[in-house]
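# Structure assessment
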Amino acid sequence: MRSPTPTTLAERLARATHAVARLSAEHIEARTTAATATRATLPPFPGLLSVGDRLEVISRDGISVPAQVTSSTAEATTATLFRDATGLGAGAPVRLPIKPAAATLPINQGWIGRVVDPLGAPLDNRGALPLGAPQPVRRAPPPAATRARIGPAVNLGVRAMDLFTTVREGQRMGLFAGPGVGKSTLLGMLARWSEFDAIVVALVGERGREVREFLEDDLGPQGRERALLFVATADAPALMRAEAVHAAMAAAEHFRDQGKRVLLLVDSLTRFCHAVREVALSAGELPVARGYTPSTFAELASLLERAGPGEEIPDGKPPGSITAFFTILVDGDDMTEPVADAVRGIVDGHVILSRTIAERGRYPAVDVPRSLSRVATAWHTPERNEALRLARQAMAEAEELDQLQRMGLYRTGADAHSDRMLALNRLLVEFLRQDTKTPADPDQGFAQLQAIVSS
């Protein structure tokens, strides 16, 4: 019996979608109904396109501009562009995949040592990248109930962090700093000196000149040959900047699934959130906290939870892990800024770099009393924990006493305990000063620290 003729628009669209699904072509053609500097608007395609699907918009010069669906309603589909929108307008051709799928990257071991863009195109003029099996760019974190626990302490080579914010394998740390206090230099030290099987770096929203400076000065040949870098500079579209972090996380997950110990460095998570906010606002989402949209914080939490240990393997083989450091730009040392506040509540510890300490010439400029690793205490012996406690106390009290001395409210000799704290602090300041060429040994550092606090 012949099917009744569809009468409503919804029925017609459903029929059309079903017919499209039976086609053997790789893609179908459509046309944009509007275009702006950052996005293209298409007719609705119910049942065919969903948020996160990829498509291609063709400019008047025949250039293919990749885009991603960021909004889908009964009236229209909105796709945000990965490239410059020059040459796009209403009526521009659009290629829609017959069977849309989540974005993937063909990550391969041969990508180590390379610099690529968030879509997997090489940026280092060293030829094409070897292709591996497609890896999803966005995926759920390992199940909480079967995820492996945090592993042993890792040797970072940075004395202030190895001792006072000890990092364990699979831990996620936030590096909070304002501009110009040695953040990139510290990341370079971590990449050169830490002992990991693979290193993945995301440089998001950096100035163009800073990319080569980071590669050649901060990473150096030793770090670069072990690292895979995803780069999206400040002039890249917002979606490209946001995609850089997701691509780096996908690469880290790929190596973790192979059982490797992975170091992930993201600089910076703040610029990632700025990019996510731009995309969400352009899609019509309303802001809720200092201009940030609700989806910004949802995407932030989802991203951070993907880092960490992998899922336990039934055969007893140790799973891989992602030990991650995310930098957060703190303007004016405002730790209550929405991104900083949200990140600090999710990660497993935070390292705060102080401009005041940097101005005094101590690098790395780690503010020890305000920095914390949430899983360090359980790893150290009682003797080491006591030495760390006394050192933190001395530095915290010395900071207060220094202010009193400047105001003329305290003089040396007035209190024996205070004098001892000031003396210990002077020794600790020199002890924590470290150049960028020589890694520190944690065991030797703890022995020296215990000798200082016992003096």
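Notes on the structure in this doc start here. (Residues numbered from 1 in each chain as written. Predicted model: local features only at pLDDT ≥ 70, side-chain atom pairs only at ≥ 80, totals over all residues. Heavy atoms only, no water.)

### Re the overall build of the protein
Check the secondary structure of the protein and you find 12 helices and 18 strands. The C-alpha extent of the protein, read off along each of the three principal axes, is 100 × 55 × 45 Å. Within the protein, buried positions represent 51% of all 455 residues. Summed over all atoms, the accessible surface of the protein reaches about 21,100 Å², with 53% contributed by carbon and sulfur. In the protein, which carries 51 positive and 53 negative side-chain charges, the distance between the mean positions of the two groups comes to 3 Å. (Helix = DSSP H or I, 4+ residues; strand = E, 2+ residues; numbered from the N terminus. Buried < 20%, exposed > 50% of the residue type's maximum accessible area, 1.4 Å probe, protein only. Areas by Shrake-Rupley, 256 points an atom, 1.4 Å probe, with all protein chains shown as cover. Lys, Arg positive; Asp, Glu negative; His and termini not counted. Charge placed at Lys NZ, Arg CZ, Asp CG, Glu CD.)

### Overview of the sheet that holds strand β7 (residues 93-97)
Sheet architecture is open: 7 strands sit in the order β1-β7-β4-β5-β6-β3-β2, paired in antiparallel fashion. In this open sheet, the two strands that pair with only one neighbour each are β1 (27-31) and β2 (34-35). Where β2 and strand β3 (residues 39-42) come together, 2 bridges link them in antiparallel fashion. Residue Ala35 lies in a different strand from β3, and its bridge partner there is Ala40. (Pairing = 2+ DSSP bridges.)

### Here we look at the packing of aromatic side chains
As enumerated under the stated definition, the model contains 1 aromatic pair in all. Here the basic side chain of Arg277 rests over the ring of Tyr292, its NZ or CZ set 4.3 Å away from the ring centre. (Phe/Tyr/Trp six-rings, centres within 6.5 Å; stacked < 30°, edge-to-face > 60°. Lys NZ or Arg CZ within 6 Å of the ring centre and 35° of its normal.)

### Description of the pairing of strand β12 (residues 198-204)
Most of β12 is tucked away, with 7 of its 7 residues classed as buried. A two-sided burial pattern is seen for β12, the buried positions comprising Ala198, Val200, Ala202 and Val204 on one face and Ile199, Val201 and Leu203 on the other. Bridging between β12 and strand β14 (residues 261-267) involves 6 bridges; their strand directions are parallel. If you follow Ile199 over to β14, its bridge partner there is Leu263. In the classification by handedness, the crossover that spans β12, the intervening helix α4 (residues 208-224) and the parallel strand β13 (residues 227-232) is right-handed. (Right-handed = clockwise from strand over helix to strand, strands pointing away.)

In short, geometric facts, not functional conclusions.
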